[in-house]
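# Understanding the architecture of this molecule
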Amino acid sequence: MSRVADPTTRISLLRAAEEVFAKKGLEAAKVEDIAKRAGCSKGAFYLHFEGKEEAFLQVVESFLARCDGMVAEPSDLPDSAEALMELGLEQDVQLFEFLWQNRDLLSILHTCQGQYAYLFEAFHRELRGKVRRWIVALVDRGLYRKDLDVELVATLTVGAFDALANAMLQSEKKPPLREWLVAARRVFSIGLAADPSRWEDQRVSQILLPDVDVPEPLPSEPTPKARAPRRRSAK
């Protein structure tokens with residue numbers, strides 16, 4: 001009688017595989033290591049997966065799905081720029097904290113090409129789609145300019161955050177993720193705004209610069225009129 005795959009064992013194997021891949025990489029990882037960490041036999045591993053490549057594929061798909069789940073759809077958005085800024089910033093921080101905690105696995109994923117490239121291409125397409133829908137929603141709210149090239153802005157936004165993730169991976173110690181993300185939010189929110197003053201008021205500025213006292217704007221001084229040059233008297 002053939003053995004039946006156990007869902008609980010499969011979950012344990014996938015968790016163990018994620019840890020082994022993060023530590024050793026795909027090439028150096030061995031089925032025995034994964035099975036041992038999961039507390040089961042090699043036979044149990046092969047009952048659930050054809051090989052370590054299939055397990056790795058499942059790990060990558062799960063990781064990307066968790067990342068995708070942290071980027072919300074633009075539904076039931078708050079009305080104020082202040083609340084929108086808080087929502088977007090907290091979402092960014094949650095995602096990057098997750099990436100930092102899983103940086104070993106993320107480093108391996110960044111080096112994988114070939115048969116796994118389609119996973120990242122699909123993930124980036126989905127992410128650009130969500131960002132595009134956010135931009136459209138903010139344009140409809142009157143917060144972003146109506147003349148924006150939505151597809152271009154979505155591509156630039158995803159590219160900027162991808163570059164931040166790469167910079168994080170190069171750091172030996174945990175970088176100031178919140179400060180990075182505040183700077184990115186400030187650039188995009190104010191740079192794309194239909195009315196920048198709605199993003200630069202006192203409350204929103206305290207979200208973007210929480211440890212900085214934002215001074216009231218100084219009254220503009222009148223520009224002095226240029227004096228006409230004196231005419232020299234003829235001698």
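For clarity, every value in this text was computed on a predicted model and none was experimentally measured.

### Some details on helix H2 (residues 31-38)
Of all the residues in H2, the buried ones are Val31, Ile34 and Ala35. Taken end-on, H2 shows its buried residues confined to a sector of 95°, consistent with a single buried face. Of the surrounding secondary structure, the elements contacted by the buried residues of H2 are helix H1 (7-28), helix H3 (42-48) and helix H4 (52-69). Backbone geometry just downstream of H2 places Gly39 in the positive-phi region, at approximately 75°.

### Focus on the nonpolar core
Counting 62 residues, the largest nonpolar core has Phe21, Phe63, Phe96, Leu99 and Ile135 as its most contacted members. If you list the elements that add at least two residues to this core, you get H1, H2, H4, helix H5 (81-101), helix H6 (103-111), helix H7 (117-140), helix H8 (150-170) and helix H9 (177-191). No other element matches H7, which puts 10 residues into this core. Each residue touching Phe96, except ones within four places of it in the same chain, is listed here: Phe161, Leu164, Ala165, Met168, Leu177 and Leu181.

### Concerning the pattern of salt bridges
Under the counting rule described, the total for this entry stands at 12 salt bridges. Where Arg133 meets Glu126, a salt bridge forms, and the shortest distance between an N and an O atom there is 3.8 Å. Judged by its relative accessible area of 35%, Arg133 falls in the partly exposed class. Ionic contacts of the salt-bridge type, sharing partners, join the residues Glu73, Glu126 and Arg133 into one network.

### A short note on the packing of H8 against H9
Close contact between H8 and H9 brings their axes to 12 Å; oriented N to C, the two are set at 160°. The angle between H8 and H9 places the two elements in the roughly antiparallel class. H8 and H9 meet at a crossing whose hand is right-handed. Side by side, H8 and H9 meet where Leu156, Thr157, Ala160, Phe161, Leu164, Ala167 and Met168 of the first sit next to Leu177, Trp180, Leu181, Ala184 and Phe188 of the second. Here the contact of H8 with H9 is built from residues that sort into 11 nonpolar, one polar and no charged.

Criteria and cut-off values
- Residues numbered from 1 in each chain as written.
- Predicted model: local features only at pLDDT ≥ 70, side-chain atom pairs only at ≥ 80, totals over all residues.
- Heavy atoms only, no water.
- Buried < 20%, exposed > 50% of the residue type's maximum accessible area, 1.4 Å probe, protein only.
- Helix = DSSP H or I, 4+ residues; strand = E, 2+ residues; numbered from the N terminus.
- Arc of directions from axis to C-beta.
- Contact = heavy atoms within 4.5 Å.
- Core = buried A, V, L, I, M, F, W, Y, C linked by side-chain atoms within 4.5 Å.
- Salt bridge = Lys/Arg side-chain N within 4 Å of Asp/Glu carboxyl O.
- Axes fitted to C-alpha atoms, helices over the stretch in contact; angles between N-to-C directions.
- Parallel < 35°, antiparallel > 145°, perpendicular 65-115°, else oblique.
- Left-handed = near helix turned anticlockwise from the far one by under 90°.
- Nonpolar A, V, L, I, M, F, W, Y, C, P; charged D, E, K, R; others polar.

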